[in-house]
Amino acid sequence: MTAQANDLVAALAAARKATQFYPGEHPRFVEAVDALVAEAGMCTAEGPFTLNVHEGRLYCGSEVLTGEGPSLSSVLESMEARKVESFTFLPGFSAEDARGLTEALNLRPSPELDVEAELAARGVTGVQVSRVVDGNAEERKERDRERERDKALYRRFVSTMRRVSEGMRQGGGVDVSEASGLVPEIVSRLLESPSAVLALATIRSKGEEDLFHAINVMIYAMTVGSALELPEEGLASLGVSALVHDIGKAVFDADQADAMRLHHPQAGADILARMPGDDRAPMLVAFEHHMGVDGSGWPERDASYFPHPYSRMVAIADRYETLTKSRSGPGLTPDRAVARILSESGTALDPVFTRLFVRALGVFPVGCWVRLSDHAVGVVRDNGADPLRPKVRLIYDARGLELHEPAEIDLAGDTREIVEVVDELQLAEAAADRL
Ligand SMILES: [Fe+2]
Ligand SMILES: [Fe+2]
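Residues numbered from 1 in each chain as written. Chains lettered and ligands numbered in written order. Predicted model: local features only at pLDDT ≥ 70, side-chain atom pairs only at ≥ 80, totals over all residues. Heavy atoms only, no water.

## Considering helix H15 (residues 351-361)
Where H15 is concerned, the buried positions are Phe-353, Thr-354, Leu-356, Phe-357, Val-358 and Leu-361. Next to the buried residues of H15 lie helix H8 (194-200), helix H9 (209-227), helix H13 (309-324) and helix H14 (334-344). Where H15 begins, the capping side chain belongs to Asp-350, and its oxygen is found 2.9 Å from the backbone nitrogen of Val-352. Downstream of H15 by one or two residues, Gly-362 has phi in the positive range, about 85°. (Buried < 20%, exposed > 50% of the residue type's maximum accessible area, 1.4 Å probe, protein only. Helix = DSSP H or I, 4+ residues; strand = E, 2+ residues; numbered from the N terminus. Contact = heavy atoms within 4.5 Å. Polar contact = N/O pair within 3.5 Å; in protein donor to acceptor, adjacent residues only side chain to side chain.)

## Let's talk about the coordination of the iron ion (ligand 1)
Of the protein atoms, only Asp-246 (OD), His-264 (NE2), His-289 (NE2) and His-290 (NE2) coordinate the iron ion (ligand 1), at distances of 2.1 to 2.3 Å. The sequence pattern describing where the donors of the iron ion (ligand 1) fall on their chain is D-x17-H-x24-H-H. Separating the iron ion (ligand 1) from the iron ion (ligand 2) is a distance of 3.5 Å, and Asp-246 supplies a donor atom to each of them. The exposure classification of His-289 matches that of His-290, with both residues buried. (Donors = N, O, S within 2.8 Å, 3.2 Å for Na, K, Ca; no water.)

## Topic: the coordination of the iron ion (ligand 2)
At this site the iron ion (ligand 2) is bound by His-213 (NE2), His-245 (NE2), Asp-246 (OD) and Asp-318 (OD), with donor distances of 2.2 to 2.3 Å. Angles of 76 to 170° at the metal separate the 4 donor atoms of the iron ion (ligand 2), which places the site in the irregular class. On the primary sequence, the residues serving as donors to the iron ion (ligand 2) are separated as H-x31-H-D-x71-D. (Tetrahedral: all angles 85-135°; square planar, octahedral: opposite > 155°, others 65-115°.)

## What about the sheet that holds strand S7 (residues 377-382)?
The strand order S9-S8-S7-S6-S10 describes an open sheet built from 5 strands, whose pairing is antiparallel. Of all strands in the sheet, those bounded by a partner on one side alone are strand S9 (402-410) and strand S10 (418-422). If you compare each strand with its neighbour and ignore which way they point, the axes differ by 35° on average. Relative to strand S8 (residues 391-396), S7 runs antiparallel, the two sharing 5 bridges. Bridging from a neighbouring strand, Val-377 pairs with Tyr-396 of S8. (Pairing = 2+ DSSP bridges. Axes fitted to C-alpha atoms, helices over the stretch in contact; angles between N-to-C directions.)

## Description of the domain arrangement of the chain
Accessible area lost upon the coming together of the parts is a frequently used measure of interface size. The domains assigned to the chain are domain 1 (2-132), domain 2 (137-361) and domain 3 (369-433). A separation of 28 Å is found between the C-alpha centroids of domain 2 and domain 3. (Domains from an automatic or database assignment.)

## Re the sheet that holds strand S4 (residues 84-89)
Read across the sheet, 5 strands follow the order S3-S2-S1-S4-S5 without closing on themselves; strand pairing throughout is antiparallel. Where the open sheet ends on each side, the last strands, each with one partner, are strand S3 (63-64) and strand S5 (127-131). Looking at chain direction, strand S2 (residues 57-60) and S3 are connected through 2 bridges and run antiparallel. The residue of S3 that forms the bridge with Cys-60 is Glu-63. Its contacts with the sheet put helix H1 (residues 2-21) on strand S1 (49-54), S2, S3 and S4, and the angle it makes with S1 is roughly 80°.

## Notes on helix H2 (residues 27-43)
Taking 1.5 Å per residue as the helical rise, H2 with its 17 residues ought to reach 24 Å, and the 24 Å between its terminal C-alpha atoms agrees with that figure. Turning to H2, its buried residues number three or more, namely Phe-29, Ala-32, Val-33, Leu-36, Glu-39, Ala-40 and Cys-43. Viewed along the axis of H2, the buried residues span an arc of 125°, placing them on a single side of the element. Turned more than 90 degrees away from the buried face of H2, the exposed residues are Pro-27, Glu-31 and Met-42. Where H2 is buried, its residues meet H1, S1, S4 and helix H4 (95-104). (Expected span 1.5 Å × (residues − 1). Arc of directions from axis to C-beta.)

## Let's talk about the nonpolar core
Within the largest apolar cluster, 71 residues are counted, with the highest numbers of intra-cluster contacts made by Phe-157, Val-174, Val-183, Ile-215, Met-218 and Ile-219. At 10 residues, the largest contribution of residues to this core is made by H9. Each of two domains, domain 2 (137-361) and domain 3 (369-433), supplies a minimum of three residues to this core. Residue contacts for Ile-215: discarding those within four places in its chain leaves Tyr-154, Phe-157, Val-158, Met-161 and Leu-243. Counting residues in hydrophobic clusters, the runner-up holds 38 residues, among them Leu-8, Ala-18, Val-53 and Leu-72. (Core = buried A, V, L, I, M, F, W, Y, C linked by side-chain atoms within 4.5 Å.)

## What to know about the pattern of salt bridges
Following the criterion strictly, the structure yields 22 salt bridges and no others. Among the ionic pairs, Glu-103 bridges to Arg-122, the shortest N-O distance being 2.8 Å. Linking Glu-103 in helix H4 with Arg-122 in the loop between helix H5 (115-121) and S5, this pair joins segments that are 19 residues apart in sequence. By relative accessible area, Glu-103 is classed as partly exposed at 36%. Looking at Arg-122, the relative accessible area reads 24%, which means it is partly exposed. Between Asp-414 and Arg-416 there is a salt bridge, with its nearest N and O atoms 2.9 Å apart. Residue Asp-414 is classed as buried on the basis of its relative accessible area of 18%. In this structure, a network of salt bridges that share partners links the residues Arg-143, Arg-381, Arg-393 and Glu-408. (Salt bridge = Lys/Arg side-chain N within 4 Å of Asp/Glu carboxyl O.)

In structure tokens form, the structure reads like this:
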């Protein structure tokens, strides 16, 4: 059997070579195709015949092919490079099949190349192919699918909140039931994969800053809540509260900036007090989210007044979001924003919740652009056990060239270090587009 297999391999290698050198109707090519058909015919006399690659060797069944010469290695390499694990030749393998197969084996290897689809496109029916299952590629695909689902959830939040604010602008009351209905979905994603949800908060707004602000503040506030291990119901209530914390702004016109800044907490509380339901947290958070724990901020209140825990969490989330997405000029990089809120901890911001938030974000928060010691640049994707060694999606290689396929690296098992945080404006790349 192996002798026949060796002949088949030699015929396949010769046919590949002939396609490269001679046009389709050239006698040498026709000859090579006929030889391949004849060899395949011999091998499949008793049924389907499989050649398969395993750990750098070519097999026929369980027997390794040991044929000498370049044809074995050329066939082996051409299969490996195109992620082909095996070819099964079927009885009736025709000249058309032989032409299609040799053509497919001459296509330039690339991650997108799908030999099976290429064979089907050429009408090949006499040979079946099975592809090497690339574990990493599968994982990457699954993660991409998850990311698309998460982004879709974010977009649903955007359109829901757009309807809420339009409804209010037209003088209707506030109805957040639709938005509240979405919150549990984000809660469960947050519990499953905090870093995936944090990555969403790096999505850039394009003209609708207030909507994106509300959603990102919700994500950051729930990050504090989840670090505090609030029960799911509490997280959902915190999320809704964060989502509507600035709803009072809707009653002011654009030219009333000062009045809006000072009075949107009261206006928001008035609106939310009329909202149906028993949950008073949204109203309280709207009223209290600009109150510092040291008595600073607004509205004015007695020295004994202390804001609700959710209000203190939303205050931190609001501050971080505003610092990183500053509308008046470029925002701070995430690491600088973390340093800033730490400096405000204990004065305006609740020190315990600030600590929890900072720990959840990590030294290099998800979405941070970082340069490594070999000059490669990437985006932080996830924080591992070592805060200085997160998981990074590399976008530019050490020479500064954009990678065709971003590489996922875990700095925990890498000799490189992070040497600096890069301002994404310098790169003109939004992290969210890359995560
Ligand atoms: Fe506000
Ligand atoms: Fe805000």
